[in-house]
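Spelled out from the first residue to the last, the chains are:
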Amino acid sequence: MFADSVIAWAITLVCAYLMGSFSTSITVAKLFYHQDIRKMGSGNAGATNTLRNYGVKKALLVMLGDSLKAILAMVLAKLLVGQDGVLYAGSMAVVGHIFPAYYGLRGGKGVMSAAAMILFFDWRMFLVVLVIFAVVVVLTRYVSLASILCAAAYPVSMVVFYPGRWGYWAASIALAALVIGKHHANIRRLLHGQESKVGAKKKA
């Protein structure tokens, strides 16, 4: 029985990682434009870089794909190991997005997949990060800063809503650190006043 449980958990987490490894932005760029999104703009394989290079429709398609893969991984976890595996599977899907097995471990920053994961896991926590994201973007017009602050708020909200769940706390802290770490270039540009703002016109 224990062996069966271990196998089920292993299958769940591996499948979640592999599902997360599918990059919607890389696929969209190659399918429609025969380009590598990682060589365009900021070089990030995500919705924001897709928006800047290919427009709103393609960015929405990327957002949908990046959200669905995290949610599907969590649904699979619920079927295979129960509710306790949902958060961990969602986290592994985000890890897959950031370090995709199919693309030389060069993926995106995991923001959209993480947002979908949080929404599917607990709408209250999603509401917290959504408000933070909206307020920061409205006040500063920095999407990267909003994403960083939301990542930092995620483990804090986990502690508030799930007291005593050490496994959840550890998973949320690790994921937040990973997402923030992926923003190291943005942090450097923010400190030097060189980060791009939403709606800012590109210099000729």
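Everything quoted here is computed from the prediction, not taken from an experiment. (Residues numbered from 1 in each chain as written. Predicted model: local features only at pLDDT ≥ 70, side-chain atom pairs only at ≥ 80, totals over all residues. Heavy atoms only, no water.)

Enquirer: Got a minute to help me understand the overall build of the protein in this structure?
Expert: Assigned secondary structure in the protein consists of ten helices and zero strands. In the protein, the succession of helices and strands from N to C terminus is α-α-α-α-α-α-α-α-α-α. In summary, the protein has a C-alpha radius of gyration of 17 Å against a globular reference of 17 Å for 204 residues, a match within 12%. By principal-axis analysis of the C-alpha atoms, the protein measures approximately 65 × 40 × 25 Å. When each of the 204 residues of the protein is scored for burial, the buried share is 42%. Excluding contacts between residues fewer than 6 apart, the proportion of contacts in the protein whose partners are at least 24 apart in sequence is 63%. (Helix = DSSP H or I, 4+ residues; strand = E, 2+ residues; numbered from the N terminus. Rg over C-alpha atoms; globule rule 2.2 N^0.38 Å. Buried < 20%, exposed > 50% of the residue type's maximum accessible area, 1.4 Å probe, protein only. Contact = heavy atoms within 4.5 Å.)

Enquirer: What is the right way to look at the pattern of salt bridges in this model?
Expert: It is possible for side chains of opposite charge to pair when their charged atoms get near one another. This structure, assessed with the given rule, holds five salt bridges. Two residues, Arg-38 and Asp-36, come together in a salt bridge whose shortest N-O distance is 3.1 Å. For Asp-36, a relative accessible area of 17% gives the class buried. (Salt bridge = Lys/Arg side-chain N within 4 Å of Asp/Glu carboxyl O.)

Enquirer: Looking at this structure, how should I read the side chain of His-97?
Expert: Its location among the elements puts His-97 in helix α5 (residues 86-98). Among residues more than four places away in sequence, those in contact with His-97 are Gly-20, Ser-21, Ala-45, Asp-66, Lys-69, Gly-107, Gly-108, Lys-109, Gly-110 and Ser-113.

Enquirer: Whenever I open this one, the packing of helix α7 (residues 123-140) against helix α8 (residues 143-161) confuses me. Can you help?
Expert: Relative orientation and spacing of two packed helices are given, respectively, by the angle between their axes and the distance between those axes. The interhelical angle for the contact between α7 and α8, taken along N-to-C directions, is 155 degrees, at an axis separation of 9 Å. Classified by the angle their axes make, α7 and α8 are roughly antiparallel. Pair α7 / α8 crosses with right-handed handedness. Here Arg-124, Met-125, Val-128, Val-129, Ile-132, Phe-133, Val-136, Val-137 and Thr-140 of α7 lie close against α8, whose contacting residues are Val-143, Leu-145, Ala-146, Ser-147, Leu-149, Cys-150, Ala-153, Tyr-154, Ser-157, Met-158 and Phe-161. (Axes fitted to C-alpha atoms, helices over the stretch in contact; angles between N-to-C directions. Parallel < 35°, antiparallel > 145°, perpendicular 65-115°, else oblique. Left-handed = near helix turned anticlockwise from the far one by under 90°.)

Enquirer: Which parts of the structure should I look at to understand the nonpolar core?
Expert: A general tendency of soluble globular proteins is for nonpolar side chains to be buried together. Counting residues in each nonpolar core, the largest one holds 19 residues, and the members touching the most others are Leu-87, Met-117, Phe-121, Met-125, Tyr-154 and Met-158. Tallying contributions element by element places helix α9 (residues 166-182) first for this core, with five residues. Filtering out sequence-adjacent residues up to four positions away, Phe-121 remains in contact with Met-74, Val-86, Leu-87, Met-158, Tyr-162 and Tyr-168. (Core = buried A, V, L, I, M, F, W, Y, C linked by side-chain atoms within 4.5 Å.)

Enquirer: Help me out: how do you make sense of the packing of aromatic side chains in this one?
Expert: When we look at a pair of aromatic rings, we describe it by the centre distance and by the angle of the planes. Applying the stated criterion to the full structure yields nine aromatic pairs. Ring plane angle 55 degrees and centroid distance 6.1 Å describe the contact between Trp-9 and Tyr-88, whose orientation is recorded as tilted. Pair noted here: Trp-9 is in helix α1 (residues 2-20) and Tyr-88 is in helix α5, with a separation of 79 residues, a long-range link. On the accessibility criterion, Trp-9 (26% relative accessible area) is partly exposed. You can call Tyr-88 partly exposed: its relative accessible area is 24%. Among the aromatic residues, those joined into a ring-pair cluster are Trp-9, Tyr-88, Phe-121, Tyr-162 and Tyr-168. Geometry around Phe-32 places Lys-58 over its ring, the cationic atom sitting 4.7 Å from the centre. Stacked on the ring of Tyr-168, the Lys or Arg Arg-165 has its end atom at 4.1 Å from the ring centre. (Phe/Tyr/Trp six-rings, centres within 6.5 Å; stacked < 30°, edge-to-face > 60°. Lys NZ or Arg CZ within 6 Å of the ring centre and 35° of its normal.)

Enquirer: Just checking my understanding: could you explain the environment of His-97 for this structure?
Expert: His-97 gets classed as buried once you look at its relative accessible area, which sits at 5%. Residues His-97 and Asn-44, 53 residues apart in the sequence, show an inter-C-alpha distance of 11 Å.

In short, geometric facts, not functional conclusions.
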